[in-house]
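# Residue-level structure breakdown
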Amino acid sequence: MGFVPAYVRDCIITHLDFDHIGGLDDFPYSTVHVAAEEYASFASGNPRYLHHQLGHRPKLELYEKGACKWFGMEARKLKLPFSTTVYLIPLFGHTKGHCGVAIQQNENWILHVGDAFYLEAELFSEAQKIAEVASKSADDDHQRKLSLKHLMDLLASNKHIKMLSYHEPSFFNLEAELSFKL
Ligand SMILES: [Zn+2]
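Numbering of residues begins from 1 in every chain and follows the order in which that chain's sequence is written. Where totals are concerned, whole chains, interfaces and linings use all residues; where local detail is concerned, this predicted model gives features only for residues with pLDDT of at least 70, and gives and counts side-chain atom pairs only at 80 or more. Each side-chain value is derived from all of the structure's non-hydrogen atoms; neither hydrogens nor water enter the calculation.

### A word on the sheet that holds strand β3 (residues 59–63)
- Taken in spatial order, the three strands make up an open sheet running β1-β2-β3, and their pairing is parallel. Looking at which strands have only one partner, the edges of the open sheet turn out to be β1 (10–12) and β3. The sheet shows a mean angle of 25° between the axes of neighbouring strands, taken without regard to direction.
- Bridge count for strand β2 (residues 31–35) against β3 is five bridges, and the pairing is parallel. Across the sheet, the residue bridging to His33 is Glu61, located in β3.
- Residue contacts follow a heavy-atom distance rule, with two residues in contact if any of their heavy atoms lie within 4.5 Å. Angles run from 0 to 180 degrees between N-to-C directions of axes, and those axes are lines fitted to C-alpha atoms, restricted for helices to the stretch in contact. Secondary structure follows DSSP: runs of H or I at least 4 residues long count as helices, runs of E at least 2 residues long count as strands, and numbering of each begins at the N terminus. Where helix α2 (residues 36–43) meets the sheet, its contacts fall on β2 and β3, and the angle it forms with β2 comes to roughly 95°. By this definition, two strands are paired if DSSP reports at least two bridges between them.

The following block contains the structure:
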């Protein structure tokens, strides 16, 4: 895509599932930002992860629970070498330390929810076939459902947040991606 790997200095990780960190070692100079609970689960030998994916021993920046809030939800401010405000937002359940990533854009926010929902339809009805897949793949399904409910409430009460998830195809605008220039 025209990026020089050495220029990628920070990778912000929602969680450490294999389909989210494959290729991380393409960016060996990058600091990996992730919730402390997520890394602890990975390091404990949880079999859901592919442990060689951090085999290149990247510099890790781990984030613990703090007092910061974002629209009433717990937030962890990322230490980044640029001025944009970015938070990890705990949305635990899918994995033990799964977080969304909130990025400020003036008065608006983009919230990347990772796998807190797979498809956008899950926000509007629990009677989705995909919900069975989500339940089966959760480390803590009760907590996952609570996190999903927080997202529903947030969406209903706030017009300044745009959510996107990793697996929802409608969020990917190929034309916009291809026209992106460094
Ligand atoms: Zn996942």
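### Regarding the coordination of the zinc ion
- Coordination shells were defined by N, O and S atoms within 2.8 Å of each metal, extended to 3.2 Å for Na, K and Ca; water is absent from the atom set, which can make sites look incomplete. Coordination of the zinc ion by the protein comes from His15 (NE2), Asp17 (OD), His94 (NE2) and Asp115 (OD), over a distance range of 2.1 to 2.2 Å.
- Counting the intervening residues between successive donors of the zinc ion yields the motif H-x1-D-x76-H-x20-D. Here Asp115 lies in the loop between β9 (108–112) and α3 (129–136) and His15 lies in the loop between β1 and α1 (18–21), a separation of 100 residues in the sequence.
- Each residue is placed in one exposure class: buried if its accessible area under a 1.4 Å probe, protein chains only, is under 20% of its type's maximum, exposed if it is over 50%, and partly exposed if it falls in between. Asp115 sits in the buried class, given a relative accessible area of 4%.

### Focus on unusual backbone geometry
- The phi dihedral of Arg57 is positive, around 50°, even though this residue is not glycine.
- With respect to the element layout, Arg57 can be found in the loop between α2 and β3.
- Taking the relative accessible area as the measure of exposure, Arg57 reaches 74% and is therefore exposed.
- At Phe71, a residue that is not glycine, the phi angle is positive and equals roughly 45°.
- Within the secondary structure layout, Phe71 lies in the loop between β4 (69–70) and β5 (73–74).
- Under the relative-accessibility criterion, Phe71 is labelled partly exposed at 42%.

### Focus: the side chain of Ser165
- Looking at where Ser165 falls in the secondary structure, it is placed in the loop between β10 (161–164) and α5 (174–178).
- Here a polar contact is taken to be a pair of N or O atoms separated by no more than 3.5 Å, where protein atoms must pair a possible hydrogen donor with a possible acceptor and residues adjacent in sequence count only if both atoms sit in side chains. Among the polar contacts made by the side chain of Ser165, one reaches the main-chain carbonyl oxygen of Tyr118 at a distance of 3.0 Å.

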